[in-house]
Amino acid sequence: FGKTRTGAEDTADFARRNPNAWIPIVTPTFAMGRDICVEGESGLLAVLHEDEIAQWNRSEGQLVLTNGSRWKVFSAERPDRLRGYQSHRAWCEELGSWPYLQDTWDMLMFGPRLGKHPQAIVTTTPKPYRLLKELIQRETTHVTRGSTFENEDNLSPVAVEEMRIRYEGTHLGRQELYGEIIED
């Protein structure tokens, strides 16, 4: 569906419009944040213009724009590392795969307290976890859903056909291809 690209575009747009913004990117692992959310073909370096980027520190997972806005990658494997970081916005990538889901979410939520309207964007394959179901039910949450097949133009036709053959109509296919929360 283009979840990662959505997170990258959303936070890049916010960072451009809000100089000196702080945005944590929280992913299941540090490597995922670095390799997919920042360096990946749908990541931040792909959506930002070269002249907007002041510095990308790969080992620290910190990306800084020329206007002072910055992202920092955090792993959901170490929730306490989020302690003390204030932010204007947060990007939660694949929240449904965070190893310490509730602990990481709780530590993260103490951070977005800067600016007029701090928010988080969650880009995830939905899984039937209590936290995710609670977030979806909140009046302050805007839910966007989509299918892998809505992104077909950006995917290998061979891969798309294989997914249809193998997973169409299955529980796993409903979750992974159509973004449904499967309760049973």
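Up top you'll find the structure we're talking about.
What you see is a predicted model; the values in this text were computed from it and never measured.

S.K.: Looking at this structure, how should I read the packing of aromatic side chains?
M.R.: What characterises a pair of aromatic rings is the spacing of the ring centres plus the angle enclosed by the ring planes. In the structure shown here, the tally under the stated rule is 2 aromatic pairs. Between Phe 149 and Tyr 178 the ring centres are 5.6 Å apart and the planes differ by 55°, which places this aromatic pair in the tilted class. Residue Phe 149 is found in the loop between helix H5 (130–137) and helix H6 (157–167), and its partner Tyr 178 is found in the segment after helix H7 (171–176); the two are separated by 29 residues along the sequence. A cation over an aromatic ring shows up here: Arg 164 above the ring of Phe 149, its NZ or CZ 4.2 Å from the ring centre.

S.K.: Could you clarify how one ought to interpret the side chain of Thr 124 in this entry?
M.R.: Relative to the helices and strands, Thr 124 is located in the loop between strand S6 (119–123) and H5. Within the structure, the side chain of Thr 124 is placed 2.9 Å from the backbone nitrogen of Gly 96, a separation counted as a polar contact. What Thr 124 contacts, discounting residues up to four positions off in sequence, is Lys 3, Glu 94, Leu 95, Gly 96 and Leu 132.

S.K.: I would appreciate a short explanation of the pattern of salt bridges in the present structure.
M.R.: For side chains bearing opposite charge, pairing can occur when the charged atoms are close. Applying the stated criterion to the full structure yields 13 salt bridges. Its salt-bridge partner being Arg 89, residue Asp 10 comes within 2.8 Å of it at the nearest N-O pair. Of this pair, Asp 10 sits in helix H1 (residues 3–17) while Arg 89 sits in strand S5 (residues 89–93), and the two are 79 residues apart along the sequence. In this structure Asp 10 comes out as partly exposed when scored by relative accessible area, which is 22%. Ionic pairing is found between Arg 174 and Glu 180, a salt bridge with its closest N-O pair at 2.9 Å. Linked by salt bridges that have partners in common, Arg 34, Asp 35, Glu 39 and Arg 58 make up one network.

Reading guide: rules and limits
Residues numbered from 1 in each chain as written. Predicted model: local features only at pLDDT ≥ 70, side-chain atom pairs only at ≥ 80, totals over all residues. Heavy atoms only, no water. Phe/Tyr/Trp six-rings, centres within 6.5 Å; stacked < 30°, edge-to-face > 60°. Helix = DSSP H or I, 4+ residues; strand = E, 2+ residues; numbered from the N terminus. Lys NZ or Arg CZ within 6 Å of the ring centre and 35° of its normal. Polar contact = N/O pair within 3.5 Å; in protein donor to acceptor, adjacent residues only side chain to side chain. Contact = heavy atoms within 4.5 Å. Salt bridge = Lys/Arg side-chain N within 4 Å of Asp/Glu carboxyl O. Buried < 20%, exposed > 50% of the residue type's maximum accessible area, 1.4 Å probe, protein only.

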